[in-house]
Amino acid sequence: MNRTPHHHPLRLRRSVLSVPAVNARALAKSALLDCDAVIFDLEDSVLPEKKAEARAALVEHFKTLDRSSGQEHVIRINALDGPDGVLDLEAVLDCMPDAVLLPKVSEPQDVLTVADWFSEAGADDGPRLWAMIETAASLLNLAAIAETGRTRGGRLDCFVVGLNDLRKETGIADVPGRPFLVPLLLQVVVAARACGLDVIDSVFNDFSDDENFGAECRQGRQMGFDGKMLIHPAQIAAANEAYGVTEAEAAEALAIVSAFAAPDNAGKAVVSLAGRMVEKLHADQAGRILAKADLINDRKKKA
Ligand SMILES: CC(C)(COP(=O)(O)OP(=O)(O)OC[C@H]1O[C@@H](n2cnc3c(N)ncnc32)[C@H](O)[C@@H]1OP(=O)(O)O)[C@@H](O)C(=O)NCCC(=O)NCCSC(=O)C[C@H](O)C(=O)O
Ligand SMILES: [Mg+2]
């Protein structure tokens, strides 16, 4: 059993933009934007009578989508117990995105059923699975849902928090700083990490409120999230900045890695750096920060 904190290669998921699959202008625009991932939404941003049109638009869009852009492509499907879920999965087979985002996951079986569906469809190497954590039941079952990341070839890859649905179901107030939600958000981060999953913070609905959006991005980063789900292009730059690597962070990471590489420190498990204790685990963390900075630089070169 893999007990390392991260079971897949590092990926940039600072900015994860949702695009309603029925919105042709937004679909076209999304490919040109500087977000790390795009979620093509077939669920709540598409009216029931438009679902078929949205699926068809998505299949067309994927025919010309540049798969080498570095952007990760994710399709959010409808729940499998409704009329659209399986039709969405069939459209996913035509599109073959990097991942499928499952809405309103409440128990492990919600993930396993879709993993098995792909296996039975002969798509064992097909899309990874992401799970929306947005129901009260999903919070009660967090550990068991995260554990599904260790089965079915580790198809579950990422949690995405959905606070709109969670607030609707629980009545938890939507107030700046998210004081009543922070304890729950931290549980989602811890459950994800225990099973090697990435974890994305919820959308912030007021896309004209730059100040509070920036604060919420920084708060999410401090809680350990990998990035933020977004609803508007105007939110991308702030998310990329908050979840990026500053020059100071990169310099500090380099100093830690260099300290362990210094001949004087050969064979040491713990060294002193500018009056601080630094252990091998800090060098591992620093290596991950430097790898992320490299990915960000590579992305800038591609843009
Ligand atoms: C919120 C919006 C409805 C606002 O739309 P609009 O008023 O049209 O915005 P603008 O006029 O400011 O748009 C300017 C241009 O940007 C393009 N645009 C807008 N949004 C997007 C987008 N998301 N992706 C790509 N491009 C976008 C417009 O087309 C304009 O371009 P142009 O015409 O060329 O100038 C709208 O932003 C929107 O629909 N956002 C996404 C909504 C969505 O996806 N909802 C589902 C995700 S939220 C969620 O999952 C909640 C979760 O489940 C939970 O429970 O919490
Ligand atoms: Mg939701």
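Quick caveat, the model's predicted, so the values are computed rather than measured. (Residues numbered from 1 in each chain as written. Chains lettered and ligands numbered in written order. Predicted model: local features only at pLDDT ≥ 70, side-chain atom pairs only at ≥ 80, totals over all residues. Heavy atoms only, no water.)

Negative phi values dominate among residues other than glycine, just as trans dominates among peptide bonds. Positive phi, close to 45 degrees, is recorded for Met96, a residue that is not glycine. The residue Met96 is located in the loop between α3 (85-95) and β4 (99-102) in this model. Classification of Met96 by relative accessible area gives partly exposed; the value is 33%. At Arg178, a residue that is not glycine, the phi angle is positive and equals roughly 50 degrees. Its location among the elements puts Arg178 in the loop between α7 (163-170) and α8 (182-194). Under the relative-accessibility criterion, Arg178 is labelled buried at 2%. (Helix = DSSP H or I, 4+ residues; strand = E, 2+ residues; numbered from the N terminus. Buried < 20%, exposed > 50% of the residue type's maximum accessible area, 1.4 Å probe, protein only.)

A word on helix α4 (residues 108-120). Taking 1.5 Å per residue, 13 residues should reach 18 Å; α4 reaches 18 Å between its end C-alpha atoms and fits that length. Listed in full, the buried residues belonging to α4 are Val111, Leu112, Val114, Ala115 and Phe118. The buried residues of α4 occupy one face: seen down the axis, they fall within an arc of 165 degrees. Residues of α4 that are buried sit in contact with α3, β4, β5 (128-133), α6 (142-147) and β6 (156-161). With its phi angle positive at about 75 degrees, Gly122 sits one or two positions after the end of α4. (Expected span 1.5 Å × (residues − 1). Arc of directions from axis to C-beta. Contact = heavy atoms within 4.5 Å.)

So, about the coordination of the magnesium ion (ligand 2). Looking at the magnesium ion (ligand 2), one finds its protein donor set to be Glu134 (OE) and Asp165 (OD), positioned 2.0 to 2.1 Å from the metal centre. On the criterion of sequence distance, the pair formed by Glu134 in the loop between β5 and α5 (136-140) and Asp165 in helix α7 is long-range, its members being 31 residues apart. For Asp165, a relative accessible area of 18% puts it in the buried group. (Donors = N, O, S within 2.8 Å, 3.2 Å for Na, K, Ca; no water.)

Moving on to the sheet that holds β6. As summarised here, the arrangement of the eight strands in space is β1-β2-β3-β4-β5-β6-β7-β8, forming a closed barrel in which the pairing is parallel. Going from strand to strand, the sheet's axes swing by 25 degrees on average, the running direction of each strand aside. With four bridges connecting them, β4 and β5 associate as parallel partners. Within β5, the position partnered with Leu102 by the bridge is Ala131. (Pairing = 2+ DSSP bridges. Axes fitted to C-alpha atoms, helices over the stretch in contact; angles between N-to-C directions.)

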